[in-house]
Amino acid sequence: MTMHVMTSKEVTQKVFNKDELFILDVRNEDAFKDWKIEGKNFEYVNIPYFELLDGVKEILDKIPTDKEVLVVCAKEGSSIMVAEMLSDEGLNVSYLEGGMKTWSEHLEPVKVGDLNDGGEIYQFVRIGKGCLSYMVVSHGEAALIDATRMTDTYLNFAESIGTRITHVFDTHLHADHISGGRIIAEKTGATYWLPPKDAEEVTFDYQPLEDGNDVVIGSTIIHIQALYSPGHTIGSTSFVVDKKFLLSGDILFIDSIGRPDLAGKAEDWVGDLRETLYKRYRELSEELIVLPAHFMIIEELNDDGSVSEKLGTLFAKNHGLNIEDETEFRKLVTENLPPQPNAYQEIRETNMGKINPDLDQQREMEIGSNRCAVR
C-alpha cells in the first residue's frame, strides 16, 4: 500500500472538524503520557519505536484497516520508518511531518470577531501547546497580544492581510512558553508593552502597561483598554477590546482559572486572584466575549476551532468562579496545583532577556503540555 505525509495543519483541521483518526505514537511511554496529540474522535496506541526494530508483524492486530492511521514520533525519523514497515505490510498509513516538534509549533489563525468599522480580531491557536494569541486589526494597523516565539507566522499573516503591526502586548511575564513579543517589536518598530510589576528584572526597554491605558489601533479608533488583573502573576493585565472582547490572559479560562504559583507566590497571590475574578471581573459587562491566553482541554474548542465564551456564561458555569467561601477557594487553588511547566524558571529568564537560548534549547524548554490552570 502507500505511505503519505500529513502536516500539522491537516491534523489541526481534523481536530477542528472532529474527524476520526487513529494515532500510533512511537515515542517512549513517559513522553506519550506527558503529552500527545488530542482530538475528540482520535484513538491512540502507544508502542515505543525500540519495540518495533524487528518489524511490525506483532502489532498488526492493533492497527485498524478501516480508519485513517497516523504514525507520530518526536522529530519524524522514527515514524517514517514505522510507516514504511506498515505500508510494506499492506496498510494505508501517514506519518506526521516534523513530528511532535512541529506539532508544538503549529499556529492556526481563526477569525473570532468583527470590530467597529471593518476592524477584526484573530485568534492564533497553538493547537499542540494550548497557547492562544491575538491580532487586533483596524485600517492597516494591528496590535498583537501574547505572541509566541513563532514570529514569522504573525509577520507573514499581517503581510497577507495588508496590515502592519504597531503595538505588541504581553498580558504578563509568561512561564510556560517563550514570548515572541520583543522580537516582533524589534522587527516591525512596534511599541512593546509589558506590565511593570512583572518586568522588574527585564534587561530591555519596554513601554509600561498600566491599568487604564487606552491604546488606539487604526484610524477607526479601536480601543484596547488595559485592566490590571493580578493573581496569575503580580502584574497580570487583561484587555477590553472595542467594548466587545475581554482578553483575560492567564487569569480566567473557559473551564478553569489561572494558577497563582509560577513565580513561587501561591499563598500571596491567591487573594489577588480571587479579587480579580470575584470583584474586578464582576464589574464588567456579562456580554463581553472572553478570549483567554490558553485552553487546557480539547473540549474547550468551539466548532470552528476557536476558544471563546461569554463572560456571563462563565460566571454561571466555570467552577472556579462559583466558590462562595474564600477559605475553600484558597484551599482549592493552592492544593490542586498541577505539576510546574517544564523549565519554567528558564522560560521566565528568557522572557526577561537574562538568557538567550538557541532555537533547539527553546524547543526543548517548551516540550510538553501547557500547565497554567487550576481545574
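Every chain is numbered independently, its residues counted from 1 as its sequence is written. Note on the predicted model: pLDDT of at least 70 is required for a residue's local features to be given, and 80 or more for side-chain atom pairs to be given and counted; whole-chain, interface and lining totals, by contrast, use all residues. In computing side-chain properties, one takes all heavy atoms of the structure into account and sets aside hydrogens as well as water.

Q: Outline the overall build of the protein chain, listing residues and values.
A: A count of helical and extended segments in the protein chain gives 11 helices and 20 strands. As defined in this context, the radius of gyration uses C-alpha atoms, and a globule is described by 2.2 Å times the residue total to the power 0.38. At 21 Å, the protein chain has a C-alpha radius of gyration in line with the 21 Å of a compact globule built from 375 residues. When the backbone C-alpha atoms are referred to their principal axes, the protein chain occupies close to 65 × 50 × 40 Å. Remark: exposure states derive from per-residue accessible area (1.4 Å probe, protein chains only) relative to the maximum for the residue type, with buried under 20%, exposed over 50%, and partly exposed in between. Across the 375 residues in the protein chain, those meeting the buried criterion constitute 56%. Should any heavy atoms of two residues lie within 4.5 Å, those residues are counted as being in contact. Look at the contacts in the protein chain between residues 6 or more apart in sequence, and 64% of them connect residues 24 or more apart. Positive charges come from Lys and Arg alone, negative charges from Asp and Glu alone, with His and the N- and C-terminal ends not counted. Taken as the charge centre is NZ of Lys, CZ of Arg, CG of Asp or CD of Glu, depending on the residue. Averaging the positions of the 37 positive and the 66 negative side-chain charges in the protein chain gives two centres separated by 2 Å. Per the convention used, a helix needs a DSSP run of H or I reaching at least four residues, while a strand needs a run of E reaching at least two, with both numbered from the N terminus.

Q: Can you break down helix H10 (residues 344–352) residue by residue, with the values?
A: Among the residues of H10, Tyr344, Ile347, Arg348, Thr350, Asn351 and Met352 are the ones counted as buried. The elements touched by buried residues of H10 are helix H6 (181–188) and helix H11 (359–366).

Q: Outline the packing of aromatic side chains, listing residues and values.
A: The criterion for an aromatic pair is that two Phe, Tyr or Trp rings (for Trp, the six-membered ring) have centres within 6.5 Å, with stacked assigned to planes under 30 degrees apart, edge-to-face to planes over 60 apart and tilted to the rest. This model, assessed by the stated rule, comprises 8 aromatic pairs. Between Phe169 and Trp193, the ring centres sit 5.8 Å apart and the planes meet at 20°, which makes this aromatic pair stacked. Of this pair, Phe169 sits in strand S10 (residues 164–169) while Trp193 sits in strand S11 (residues 191–194), placing them 24 residues apart in sequence. For Phe169, a relative accessible area of 1% corresponds to the buried category. Aromatic rings pair up to connect Tyr122, Phe124, Tyr154 and Phe157 into one cluster. Criterion for a charge above a ring: Arg CZ or Lys NZ at most 6 Å from the ring centre, at most 35 degrees from the ring normal. Here Lys36 stacks its cationic end above the ring of Tyr44, 4.9 Å away from the centre of that ring. In this arrangement the basic side chain of Arg282 is found over the ring face of Tyr278, its NZ or CZ atom lying 5.9 Å from the centre.

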